[in-house]
Amino acid sequence: MDLRPRSHPTYLAFVVHRVSGLLLALFLPVHFWALGSAIQGEARLEGLLRWTDNPLAKAGETVLVVLLAAHLAGGLRVLALEFLGWRARQKDMVAASAGVALLVGLVFLFNVV
Amino acid sequence: MASAASLTVSVWRGGEQGHFARFDVPARENQTVLDVVTYIQRELDPSLAYRFACRVGMCGSCAMTVNGRARWTCRTHVRKVVGAGGALELRPLGNLPVIRDLVADLAPFFDKWSRARGTFQPKEAEEGAVPDDFAIVPPASKQRRQADAGIECIGCAVCYSSCDVVAWNGDYLGPAALNRAWTLVNDVRDGARRDRLDAVAGDAGCHSCHSTQSCTERCPKNLDPSLAIAGLKRTLFWDTLLGRR
Ligand code: SF4
Ligand code: SF4
Ligand code: FES
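As a starting point, this report considers the structure included with it.

Procedures and definitions
Residues numbered from 1 in each chain as written. Chains lettered and ligands numbered in written order. Predicted model: local features only at pLDDT ≥ 70, side-chain atom pairs only at ≥ 80, totals over all residues. Heavy atoms only, no water. Phe/Tyr/Trp six-rings, centres within 6.5 Å; stacked < 30°, edge-to-face > 60°. Helix = DSSP H or I, 4+ residues; strand = E, 2+ residues; numbered from the N terminus. Buried < 20%, exposed > 50% of the residue type's maximum accessible area, 1.4 Å probe, protein only. Lys NZ or Arg CZ within 6 Å of the ring centre and 35° of its normal. Axes fitted to C-alpha atoms, helices over the stretch in contact; angles between N-to-C directions. Parallel < 35°, antiparallel > 145°, perpendicular 65-115°, else oblique. Left-handed = near helix turned anticlockwise from the far one by under 90°. Contact = heavy atoms within 4.5 Å. Nonpolar A, V, L, I, M, F, W, Y, C, P; charged D, E, K, R; others polar. Buried area = accessible area lost by both parts, 1.4 Å probe. Salt bridge = Lys/Arg side-chain N within 4 Å of Asp/Glu carboxyl O. Polar contact = N/O pair within 3.5 Å; in protein donor to acceptor, adjacent residues only side chain to side chain.

### Remarks on the packing of aromatic side chains
For step 1, the next point in the chain: Summed over the entire model, instances satisfying the criterion amount to 11 aromatic pairs over all chains.
For step 2, the next point in the chain: Here the aromatic rings of Phe83 of chain A and Trp238 of chain B are separated by 6.5 Å at their centres, their planes lie at 80°, and the arrangement is edge-to-face. Residue Phe83 of chain A is found in helix 3 (residues 55-84), and its partner Trp238 of chain B is found in helix 10 (residues 225-241); the two belong to separate chains.
For step 3, the next point in the chain: Owing to a relative accessible area of 38%, Trp238 of chain B belongs among the partly exposed residues under this scheme.
For step 4, the next point in the chain: In this structure an aromatic cluster arises from ring pairing among Phe109, Phe110, Trp113 and Tyr160 of chain B.
For step 5, the next point in the chain: In this structure, Arg91 of chain B packs its charged tip against the face of Trp12 of chain B, placed 4.7 Å from the ring centre.

### What about the packing of helix 1 (residues 9-39) of chain A against helix 3 of chain A?
Residue and element names in this part refer to chain A.
For step 1, the next point in the chain: Across the interface, helix 1 lies against helix 3 with an axial gap of 9 Å and an inter-helix angle of 130°. Relative to helix 3, helix 1 is oriented oblique. The interaxial crossing formed by helix 1 with helix 3 has left-handed handedness. Residues Thr10, Ala13, Phe14, Val16, His17, Ser20, Gly21, Leu23, Leu24 and Phe27 of helix 1 form the contact with helix 3, whose own contacting residues are Leu64, Leu67, Leu68, Ala70, His71, Gly74, Gly75, Arg77 and Val78.
For step 2, the next point in the chain: Of the residues in the contact of helix 1 with helix 3, the class split is 11 nonpolar, 7 polar and 1 charged.

### Here's the deal with the interface of chain A and chain B
For step 1, the next point in the chain: If you look at the interface, chain A gives 20 residues, while chain B gives 22 residues.
For step 2, the next point in the chain: Contact between chain A and chain B buries roughly 1900 Å² in total, counting both sides, with carbon and sulfur atoms accounting for 47%.
For step 3, the next point in the chain: Summed over the three residues of chain A that lose the most area to chain B, namely Arg4, Glu82 and Arg87 of chain A, the buried surface amounts to 32% of that side.
For step 4, the next point in the chain: The interface formed by chain A and chain B holds 3 salt bridges in total.
For step 5, the next point in the chain: As a salt-bridge pair, Glu89 of chain B and Arg4 of chain A come within 3.4 Å of each other at their nearest N and O atoms.
For step 6, the next point in the chain: Applying the counting rule to chain A against chain B returns 12 residue pairs in polar contact (both at pLDDT 80 or more).
For step 7, the next point in the chain: Looking at the side of chain A that touches chain B, the elements that each hand over two or more residues are helix 1, helix 3 and helix 4 (90-112) of chain A.
For step 8, the next point in the chain: Of the residues forming the side of chain A that touches chain B, the biggest block, 5 residues, is contributed by helix 3 of chain A.
For step 9, the next point in the chain: In terms of residue class, the side of chain A that touches chain B is built from 7 nonpolar, 5 polar and 8 charged.

So, in structure tokens, the structure goes:
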């Protein structure tokens, strides 16, 4: 794919929104599986939660939270564009969205680890 | 930037299938991309096909893909876009059939303007007759300002050829046609609002736009088709929700 015509901030915002959405969709079955294990008894859930304490799973969780935040921020961008008719501030919005996503990820990382 | 004494210009030759031909063109202090193409056609290869008319950014006929981006060539200075070592790559506009060399076929582009009901339909005079009275449209009214924001489109198809959704969905009306429809939706003298909103709704219309804003980014007239499309979406949303259509 030729990147030259696509290298501008709002295109990147679109890609981040789409990719984060797809990755979250891929994660969803795992999420349900984990929830399902809660039904099958406390011990299993406890075991699973214990497992998520390992650093790799923690890192994965942080990525997940950043993805969620990024997807949420991207959604807010589109809503602002479509319902409020934002225009010149769009670029700032993209930057702010990225900032919020990162911030949420970091807060999660420092609070929880 | 271009301190090289000559430009190395790769120019698309042929139709859909074709190849790049290389030309050396003397670099000048002040030179537009269209000047370069004209030089090639006049001095080096008279068989080169390209299109232009006004040379001052009014007619919209000179757009091409310059170093990967769609641009109006008559108002694009070489020094602003030239690559390292004086390299220029010229192709016809993307997302359109190629007629020959640098000439793209704009028929599908303009067909979509009519599919988006891009023609003004006088309210009281359906047959196109001149209405009895002048319509009074206050310049400061919201609708007038929204129409004004999109009215200067020159139909160059730069936005259309920069839009990925056009490439993905052959039926998609595209940014320029939708921008045109939005100016008419805001025209209080127009009587075809309902039909037009029907025409621009759905999969081929505004709801396919992904808000990547490449159109807005590239429009040489600094219009904001993406904003116009958002306006259409918003209007359709409220009209549908409130049972107005
Ligand atoms: S904002 Fe919509 S119309 Fe404009 S380039 Fe992106 S997808 Fe195409
Ligand atoms: S909206 Fe801008 S880029 Fe698109 S056809 Fe009109 S002038 Fe050209
Ligand atoms: S030649 Fe008319 S816009 Fe470029």
